[in-house]
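# Reading the structure
The lines below spell out each chain.
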Amino acid sequence: MGGILVESGWMEKSINLIDTDILIIGTGIAGLSAALKASGAGKRVVVVSKAAVGKVTNTSLGGGLFTFATDTFPVEAHLKKTMESGRMINNPVMVEHMVNLAPSRVRNLIEMGLKGQFHETGFRCRTSGYLGGPHLSSVLVNACRKAEMEFFEHIMVTDLLVDSDECRGAVGFHKQSGKIIGFRSNAVLLATGGAGAIYAHTDNAPGATGDGYALMLEAGLELIDMEFVQFYPTAYAGTGRARMMLPAAFADLSPILNRLGEDVKEKYQIKDKPVAVVSRDRLSRALFKEIRMGNGMDGALQLDLRETDFGSIPNGPAMVKTFKKRLAFDKKPVSVGPTCHHTMGGVATDEAGRTDLKGLFAAGEVVGGTHGANRMGGNAYCEALVLGDAAARSALAHRPNAKHPTDFKTLAENAVKKKIRFFDSRSETTPAIDSPRKKLAAIMWEKVGIVREEKSLTEAVEEIDAVLESIELNKGRTPGGLCKIIESRNAALTGRAIAVSALKRTESRGSHWRDDFPHEVENWLQHIHVQMSEGVPQIRRIIPIPVRPLKVCR
């Protein structure tokens, strides 16, 4: 392989080229299910992961809930509830595709060894404990390792390589060694997850920094519905443990108290149960407002479970035992607060995972459309599973243009040169590389979070632009340092896409709440599209959603 001479003592002076039929970026449920489908077709499949394969993803950290049609929960009901949760902003074709295929796709997983229990509205996977995500990831990873595919772990993908209006592959580097790798592929499937980790309080994996959104934006694609970010109301907010979600049933069984001793549920008349599911947005706003007004205790509220009767909770004993051990809630109240949980927006695709760029496909949380303005519980796994399979089928069917006007190695070299500005192993005056990320997280939480208004959103856009400018001054001394800088830039670009979209939507709908526009407006049944312009995400166009009858397969 010929080498590219890189400035500032770059760790590796050559681009290593890997040729494959299908390149899959991401190893959550969407990426791994796509990899399984693609590998079964006899093609060379390469899977790239920013961490160890299947580890520290939102899939592995999830509860393991799949919602789909059952004997007591018909397809029509699933379709209706999904559209209602999304406040009709959903792409109905994508919703139809998900609800029709989810039951069979989940049963395929069960045949592969996924353990759990069926219930009235689907299936919850788990072996022991509260979370089913680790078991789900393990089943998928084991199946993938048995198939004929190659894994590249700890790779930070920096660019999608586009030439003649077609995606030709991607380039990235190893986070420890610094080795630069160019992945030349007939088709690329992006399954990088969401961006919950760009908020100060989140239950997402730390690597959920909006990498896929930034890659799509810089490749010229549009993102839709970025203003819709979901928050979960009752996450553990104490010290010493990750900000994990508490079971929804806990919020029904006990008061949530502010420092004045008031039950927030009573104060805001939030009574529909389960409150953490049915009234998720209202409860999140109530907790956020109480904390912002100074009625919290150490930035949180108190869920008092000490005298609670847990007898009515399904599978209660094991779950109660797990959380009692972790949080000692039988001895003291538990500190709780809202947390960023899911990003509904993303790249626009069709139900087959095809983007507007030839050769590029996408699946999972990086895709917008299915969930609309708010995601129904249990639909994240189903959507990722169904769309991962569909996107893999589309990638397998793709036939790239025979002509390659630009040499792939040249494309990779040009992309690498643009990112080298963030690296200098000899720098003695490098600013703290974590500082921009922390500033951004605070901006997103306080001004682009649960409660929004014109003034705070306008300030947020200006402050995010300042963060982007500050990132340009940073230099990483190591591959790991460079990875942090690129993650910070991806997070800031994603944050700006969310902020400008939230500023544009002058209504409240689903998870998007505007204090200055507190009502849902019929004329806002539209998708907001953002695209890169002058180096930052900006509003590209606003498109009305066509009204059409919903369809289900029988």
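What counts and what doesn't
Each residue is numbered by its place in its chain's sequence as written, counting from 1. The predicted nature of this model means local features are confined to residues of pLDDT at least 70 and side-chain atom pairs, given and counted, to a pLDDT of 80 or more, with totals for whole chains, interfaces and linings taken over all residues. Side-chain metrics rest on all non-hydrogen atoms present in the structure, leaving aside hydrogens and water. For this analysis, a nonpolar core means a set of buried residues of the types Ala, Val, Leu, Ile, Met, Phe, Trp, Tyr and Cys, connected via side-chain atoms within 4.5 Å. Summary of the burial criterion: residues with accessible area below 20% of their type's maximum are buried, those above 50% are exposed, and those between are partly exposed, where the area comes from a 1.4 Å probe applied to protein chains only. In this text, helices come from DSSP runs of H or I with a minimum length of four residues, and strands from runs of E with a minimum of two, each type numbered from the N-terminal end. In this analysis, two residues are considered to be in contact whenever any of their non-hydrogen atoms come within 4.5 Å of each other. Strand pairing requires that DSSP identify at least two bridges connecting the strands. A side-chain nitrogen of Lys or Arg and a carboxyl oxygen of Asp or Glu constitute a salt bridge if their distance falls within 4 Å. Simply put, an axis is a line fit to the C-alpha atoms, just over the touching stretch for a helix, and the angle between two N-to-C directions goes from 0 to 180 degrees. When describing relative orientation, an angle under 35 degrees is termed roughly parallel and one over 145 degrees roughly antiparallel, while 65 to 115 degrees is termed roughly perpendicular and anything else oblique. Residue type decides the class: Asp, Glu, Lys and Arg count as charged, Ala, Val, Leu, Ile, Met, Phe, Trp, Tyr, Cys and Pro as nonpolar, and the leftover types, Gly among them, as polar. Geometry of aromatic contacts follows a simple scheme: Phe, Tyr and Trp rings, the Trp one being its six-membered ring, pair when their centres are within 6.5 Å, and the pair is stacked under 30 degrees between planes, edge-to-face over 60, tilted otherwise. By definition, being over a ring means that NZ of Lys or CZ of Arg is both within 6 Å of the ring centre and within 35 degrees of the ring normal.

## Structural notes on the nonpolar core
- Membership of the largest hydrophobic core comes to 121 residues, with the highest contact counts inside it found for F66, L136, L160, F183, L189 and Y199.
- Broken down by element, this core gets its largest block of residues, 12 residues, from helix 15 (residues 479-504).
- The contacts of L160, once residues within four sequence positions are left out, are I25, C167, G169, A170, V188, L190, L215, A219 and L360.
- Ranked by size, the runner-up nonpolar core spans 27 residues in total, among them M244, I256, L283 and F323.

## A look at the pairing of strand 19 (residues 536-544)
- Bridging between strand 18 (residues 526-533) and strand 19 involves 8 bridges; their strand directions are antiparallel. Opposite S533, over in strand 19, you have V536 as the bridge partner.
- Here strand 18 folds back onto strand 19, and the loop between the two strands holds 2 residues, one of which, E534, carries a positive phi near 55°.

## Details of the pattern of salt bridges
- A full pass over the atoms with the stated rule returns 32 salt bridges.
- Close ionic contact of D304 with R306 constitutes a salt bridge, the shortest N to O distance being 3.0 Å.
- For the salt bridge of E459 with K447, the shortest nitrogen-to-oxygen distance reads 3.2 Å. Placement of E459 in helix 14 (residues 454-471) and of K447 in helix 13 (residues 435-447) is noted, with a sequence separation of 12 residues between them.
- Each of the salt bridges in this network shares a partner with another, and the network as a whole consists of R87, E227, R505, E507, R509 and E520.

## Some thoughts on unusual backbone geometry
- Residue P274 is reached from K273 by a cis peptide bond, and omega for that bond is -5°.
- Mapped onto the elements of the fold, P274 is located in the loop between helix 7 (264-267) and helix 8 (275-278).
- Its identity as a non-glycine residue notwithstanding, V56 has a phi of 50°, on the positive side.
- Tracing the backbone through its elements, the reader meets V56 in the loop between strand 2 (45-48) and strand 3 (65-67).

## Describing the packing of helix 13 against helix 14
- Look at helix 13 against helix 14: their axes get within 10 Å of each other, and the N-to-C directions meet at 170°. Considering their axes alone, helix 13 and helix 14 lie roughly antiparallel with respect to each other. Contacts between helix 13 and helix 14 involve P436, K439, L440, I443, M444 and K447 from the first element and S456, L457, E459, A460, E463, I464, V467, S470 and I471 from the second.
- Of the residues belonging to the contact of helix 13 with helix 14, the class tally is 9 nonpolar, 2 polar and 4 charged.

## So, the packing of aromatic side chains
- For the structure shown, the criterion picks out 8 aromatic pairs.
- Judged by centre distance (5.0 Å) and plane angle (65°), the ring pair of F118 and F123 falls under edge-to-face.
- On the numbers, 5.9 Å between centres and 70° between planes, the contact of F250 with F329 is edge-to-face. Linking F250 in helix 6 (residues 248-253) with F329 in the loop between helix 10 (316-327) and strand 14 (334-343), this pair joins segments that are 79 residues apart in sequence. By the burial criterion, F250 is buried, and F329 matches it.
- Among the aromatic residues, those joined into a ring-pair cluster are Y199, F231, F288 and W445.
- Positioned above the aromatic ring of F151 is the side chain of R145, whose terminal nitrogen or guanidinium carbon lies 4.9 Å from the ring centre.
- Positioned over the ring face of W513 is R285, at 3.9 Å from the centre of the ring.

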